[in-house]
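The chain contents come next:
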Amino acid sequence: MKKSINILYRGSLDSCNYDCDYCPFAKKKNTRQELAYDRDCLNKFVDWVQVQKYQLKILFTPWGEALIRGYYQDAMNILSNSNAVEKVTIQTNLSCSLDWIDEANTDKLALWTTFHPTECTIERYVSKCLGLIKKKVDFSVGIVGLKENFEAIRELRRLLPKDIYVWVNAYKREPNYYRDEDIDFLNEIDPLFDVNNTIYETYGKSCAAGEHSISIDEKGDIKRCHFISEIRGNIFETSLDTILRPSPCSNNVCRCYIGYINLKELNLENVYGSRILERIPTNY
Ligand code: SF4
Ligand code: SF4
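Described in the following lines is the structure provided in the data block. (Residues numbered from 1 in each chain as written. Chains lettered and ligands numbered in written order. Predicted model: local features only at pLDDT ≥ 70, side-chain atom pairs only at ≥ 80, totals over all residues. Heavy atoms only, no water.)

### A look at the pairing of strand 3 (residues 55–60)
Applied cut-off: Buried, partly exposed and exposed residues are distinguished by accessible area as a fraction of the type maximum, computed with a 1.4 Å probe on protein chains only: under 20%, between the cut-offs, and over 50%, respectively. Helix and strand assignments come from DSSP, with helices taken as H or I runs of at least 4 residues and strands as E runs of at least 2, each series counted from the N terminus. Only strands that DSSP links by at least two bridges are regarded as paired with each other.
With respect to burial, strand 3 is a largely interior element, six of its six residues being buried. Of the two faces of strand 3, the one carrying Q55, K57 and L59 and the one carrying L56, I58 and F60 are both buried. Across five bridges, strand 3 lies against strand 5 (residues 85–92) in parallel orientation. Bridge assignment links K57 to a residue of strand 5, and that residue is K87.

Now the structure itself:
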């Protein structure tokens, strides 16, 4: 059986069509040249994936919104139809058209979607979600747990079918931001809220990042995760066999889902199983 590896890919794109006020990519634009470079790098990555001997699960974690770009839609389609790929997923605000999905293998395609209440009506967002259900695409729905979003969180949960998982990203920039009753409410919406509402102290701890999961940038440079900058090699020059190895975390803390899912002591593969990259627990 082929060894399975999770890949987090982040290209050079750093722009978005939305304007969330806490975000550095809000309404930022890339030039034509910047987009062409991002597209060429992405295409090289897609070609590389297709000749790998590993079974790959891929999560695109763009800085900004990538799925409004036709070349990311094409990449999702190609990868979902590739034998080397077990799963391909992407973080998106779901503002794109869903027509491109008709070319995808929906057994392998999944989406990590996020609702931004200041940028899109809830009706529009939910209708997009219903469109995904119609097209038989697995997806999770998330929202930032800001207090001003609580009404939207309640409404989102009410309007979506019960078997669609709604996650809430804890707002951790302000210590003690939540009251006990806020935490109770958010746990009712997202039974895994407490797991996210934690800043993990990780220095010296066992982490599968670098062993079963890697992060790749537009140049093909490989890091163990998005949060540790040491480059371990380059996919166009180095065999993954020589790079993948267990090693303790060298950072003091790990705050984000896409990092702490690799922390071995949490055993989160038991919670999410094969849908860990699209953030859907096995009981949904
Ligand atoms: S949709 Fe995401 S990337 Fe775009 S502005 Fe909002 S938070 Fe930033
Ligand atoms: S615990 Fe987080 S920061 Fe440390 S290696 Fe794992 S993913 Fe990276």
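### Here's the deal with the site of ligand 1
Note the threshold: Definition of nearness: a residue and a molecule or strand are near each other if at least one heavy atom of the residue lies within 4 Å of the molecule or strand. Throughout, the ten residues Ala, Val, Leu, Ile, Met, Phe, Trp, Tyr, Cys and Pro are labelled nonpolar, Asp, Glu, Lys and Arg are labelled charged, and all others, Gly among them, are labelled polar.
By nearness alone, every residue bordering ligand 1 is listed as C16, Y18, C20, Y22, C23, A26, G64, N93 and H116. Taken together, the residues that form the shell around ligand 1 break down as six nonpolar, three polar and no charged.

### Considering the site of ligand 2
T202, C207, A209, R224, C225, I228, C249, N251, C254, G259 and L263 make up every residue found near ligand 2. Residue classes in the shell around ligand 2 are distributed as seven nonpolar, three polar and one charged.

### A word on the sheet that holds strand 1 (residues 4–10)
The condition is simple: Contacts are assigned to residue pairs with any non-hydrogen atoms lying within 4.5 Å of each other. Fitting a line to C-alpha atoms yields each axis, with helices limited to the stretch in contact; the angle taken between N-to-C directions then spans 0 to 180 degrees.
Taking strand neighbours across the sheet as the criterion, the nine strands line up as 8-7-6-5-3-1-11-12-13 in an open arrangement whose pairing is mixed. Looking at strand neighbours, the two that pair on one side only are strand 8 (166–169) and strand 13 (233–234), the edges of this open sheet. Pairing between strand 1 and strand 3: six bridges, direction parallel. Residue pairing across strands places I5 opposite L56, the latter belonging to strand 3. Strand contacts of helix 3 (residues 122–134): strand 6 (109–114) and strand 7 (138–144), with the helix running at about 160° to strand 7, the strand carrying the most contacts. Against the sheet, helix 4 (residues 150–159) touches strand 7 and strand 8, its axis set at about 160° to strand 7.

### Some remarks on the state of the cysteines
The condition that has to hold: When two cysteine sulfur atoms lie within 2.5 Å, the pair is treated as a disulfide.
A complete count under the given rule lists zero disulfides for this structure. You can see C120 has no disulfide; the closest cysteine sulfur is in C129, sitting 9.1 Å from it. For C120, a relative accessible area of 12% translates into the label buried.

### Quick word on the environment of A208
Note that A208 resides in the loop between strand 10 (206–207) and strand 11 (213–217). If we ignore the near neighbours within four places in the chain, the residues touching A208 are S213, N262 and K264.

### Points about the nonpolar core
What counts is decided by this rule: We call a set of buried Ala, Val, Leu, Ile, Met, Phe, Trp, Tyr and Cys residues a nonpolar core when their side-chain atoms join them within 4.5 Å.
With 72 residues, the main nonpolar core has F45, I58, F60 and L156 as its most contacted residues. Sorting elements by how many residues they give to this core places helix 1 (residues 32–49) first, with seven residues. Non-local contacts of F45, meaning those with residues more than four positions away in its chain, are made with I7, Y9, I58, F60, I216, I235 and F236. Within the second largest apolar cluster, 17 residues are counted, among which are L8, L59, W167 and Y200.

### Side note on the pattern of salt bridges
Under the convention used in this document: Each salt bridge in this description consists of a side-chain nitrogen of Lys or Arg and a carboxyl oxygen of Asp or Glu lying within 4 Å of one another.
For the structure on display, the rule yields 16 salt bridges. R158 serves as the salt-bridge partner of E155, at 2.8 Å between the closest nitrogen and oxygen. In this pair, E155 and R158 are both assigned in helix 4, three residues apart and thus about one turn of the helix distant. Among the residues examined, R158 registers a relative accessible area of 56% and is labelled exposed. Between K219 and D217 there is a salt bridge whose closest N-O contact spans 3.5 Å. Here K219 falls in the partly exposed class, since its relative accessible area comes to 43%. Overall, D217 belongs to the buried group, its relative accessible area being 12%. Each of K147, R179, E181 and D182 takes part in salt bridges that share partners, so that together they form one network.

From the geometry alone we can't say anything about function, so treat these as descriptive.
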